[in-house]
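Each chain, letter by letter, is given below.
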Amino acid sequence: MRPLRYSINVTLDGCCDHRAIPADEDLHRHHVGNLDQADALLFGRTTYEMMEEAWRPPAPTGARPDWMEPFAQTINAAKKYVVSSTLERVDWNAELVRGDLAKAVQQLKREPGKGLFVGGVKLPLALTELGLIDEYEFVVQPRLAGHGPALFAGLSKHVDLKLVSRVEFGSGAVAMRYEPRR
């Protein structure tokens, strides 16, 4: 069974608004490594639309630094599953996921491969409620944002986690990976 991994950038005060978090080369390299551990990405509608707008080619000349290109190429080539009841269709190497979320994700996890990767805020909350996420990674940024969406707002029960790895970046960001204690 392939694992479902979740990763999110978050500020010290819990903000996960991508506009509040600085991009740098080390973090992009790290996230390319994350994506390389997955056969497919699982997105909700909002994250899918945001990622498509930011990374789908062609990028205007000079729109982003050269060090972002490996991430852009990796995410562009990745198979994507989009959980949405409002989108009529998707493209960008994507397929809609509809119906019972638990059954659909369990079926994706049963397929052979290296793993699935999920990002965003609302979909990971639903997947956590269902006990379907196998690994959480929080990339904590050394910044106070003072606003923005918070992770796991409304979670109905505690989820105890066990630290399995930690990576520090030159920027002061720290990536911490956890597995649920089962």
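As the structure is a computational prediction, the values presented were derived from the model and not from experiment.

Within this structure, the stated rule accounts for 17 salt bridges. Two residues, E135 and R177, come together in a salt bridge whose shortest N-O distance is 2.7 Å. Pair noted here: E135 is in strand 6 (residues 135-141) and R177 is in strand 8 (residues 174-180), with a separation of 42 residues, a long-range link. Accessibility assignment for this pair places E135 and R177 in one class, buried. Counted as one network, the salt bridges with shared partners bring together R5, E135, E137 and R177.

A few words on the pairing of strand 1 (residues 4-11). Among the eight residues in strand 1, seven count as buried, and that is most of the element. Across three bridges, strand 1 lies against strand 5 (residues 116-118) in parallel orientation. What sits directly across from R5, in strand 5, is F117. Here seven bridges tie strand 1 to strand 6, and the two strands are oriented parallel to one another. Looking across to strand 6, one finds that R5 is bridged to E135.

Criteria and cut-off values
Residues numbered from 1 in each chain as written. Predicted model: local features only at pLDDT ≥ 70, side-chain atom pairs only at ≥ 80, totals over all residues. Heavy atoms only, no water. Salt bridge = Lys/Arg side-chain N within 4 Å of Asp/Glu carboxyl O. Helix = DSSP H or I, 4+ residues; strand = E, 2+ residues; numbered from the N terminus. Buried < 20%, exposed > 50% of the residue type's maximum accessible area, 1.4 Å probe, protein only. Pairing = 2+ DSSP bridges.

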